[in-house]
Amino acid sequence: DLTPADADAEATANCVGIALHAFEDGQPVEYAKPGAVINWGATLTKNVYYVASTTAGAVAPSTDLATGDYITLLCVGDGTATARVLCEVTGVTVD
């Protein structure tokens, strides 16, 4: 079962891809795998790394993480509306 990533704990700071639509637990989900370039449909900043937020399923710029949060690199801004999917689970926390 896939669950939304969450930076609050190592067990929930996971990633296999980025969901391409909203979904509820138990529902099927389509997701972009690492290496894919997706149209985010929102304003992104090129070369900024986006991470799993402390809100399950949310995405945030890496600078939003605080001490003790787990770093899971979800994607990097590839333009103003596109992102390259990374899904790098580091197991490292912010100091």
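Residues numbered from 1 in each chain as written. Predicted model: local features only at pLDDT ≥ 70, side-chain atom pairs only at ≥ 80, totals over all residues. Heavy atoms only, no water.

Let us now look at the overall build of the protein. Along the backbone of the protein there are zero helices and seven strands. Walking the protein from its N terminus toward its C terminus, one meets helices and strands in the order β-β-β-β-β-β-β. The C-alpha radius of gyration of the protein comes to 12 Å, within 12% of the 12 Å expected for a compact globule of 95 residues. Each principal axis of the C-alpha distribution contributes one length, and for the protein these read about 35 × 30 × 20 Å. Expressed as a percentage of the 95 residues in the protein, the buried residues total 31%. Taking all contacts inside the protein whose residues are at least 6 apart in sequence as the whole, residues at least 24 apart take part in 51%. For the protein, the accessible area works out to roughly 5,600 Å², and carbon and sulfur atoms hold 50% of it. (Helix = DSSP H or I, 4+ residues; strand = E, 2+ residues; numbered from the N terminus. Rg over C-alpha atoms; globule rule 2.2 N^0.38 Å. Buried < 20%, exposed > 50% of the residue type's maximum accessible area, 1.4 Å probe, protein only. Contact = heavy atoms within 4.5 Å. Areas by Shrake-Rupley, 256 points an atom, 1.4 Å probe, with all protein chains shown as cover.)

Take the side chain of Thr-72 next. Here Thr-72 shows up in strand β6 (residues 70-77). Within the structure, the side chain of Thr-72 is placed 2.9 Å from the backbone oxygen of Ala-13, a separation counted as a polar contact. (Polar contact = N/O pair within 3.5 Å; in protein donor to acceptor, adjacent residues only side chain to side chain.)

Attention shifts here to the state of the cysteines. By definition, a disulfide links the sulfur atoms of two cysteines through a covalent bond. Applying the stated criterion to the full structure yields one disulfide. Shown here is the disulfide that connects Cys-15 with Cys-87, its sulfur atoms set 2.1 Å apart. Within this pair, whereas Cys-15 is found in the segment before β1 (18-19), its partner Cys-87 is found in strand β7 (residues 82-93), the two being separated by 72 residues in sequence. Each member of the pair Cys-15 and Cys-87 is classed as buried. Cys-87 provides the cysteine sulfur closest to Cys-75, a residue in no disulfide bond, and the two sulfurs are 8.5 Å apart. (Disulfide = S-S within 2.5 Å.)

We now examine the environment of Glu-88. Positionally, Glu-88 belongs in strand β7. Accessibility expressed as a relative area gives 44% for Glu-88, which makes it partly exposed. Remark: the alpha-carbon pair of Glu-88 and Cys-15, spanning 73 residues in sequence, is separated by 7.3 Å.

For the largest pocket, the calculated volume is near 530 Å³. When residues of the lining of the largest pocket are traced back to their parent elements, those giving at least two are β1 and β3 (37-39). (1 Å grid on protein atoms, 1.4 Å probe; cavity = no way out; pocket = protein on both sides within 12 Å on 5 of 7 lines; lining within 4 Å. Points joined across faces, edges and corners; volume = space filled by probe spheres on them.)

Looking now at the pairing of strand β4 (residues 49-52). Bridging between β4 and β6 involves three bridges; their strand directions are antiparallel. Within β6, the position partnered with Tyr-49 by the bridge is Val-76. Pairing of β4 with strand β5 (residues 59-61) involves three bridges; the strand directions are antiparallel. Bridged to Ala-52 within β5 is Val-59. Hairpin connection of β4 to β5: six residues between the antiparallel strands, including Gly-57 at a positive phi of 85 degrees. (Pairing = 2+ DSSP bridges.)

Turning to the environment of Ala-81, a few remarks are in order. Position of Ala-81 among the secondary structure elements: in the loop between β6 and β7. The sequence separation of Ala-81 and Thr-45 amounts to 36 residues, and the corresponding C-alpha distance is 8.0 Å. Contact partners of Ala-81, with chain neighbours within four places excluded, come to Ile-38, Asn-39, Trp-40, Gly-41, Ala-42 and Leu-44.

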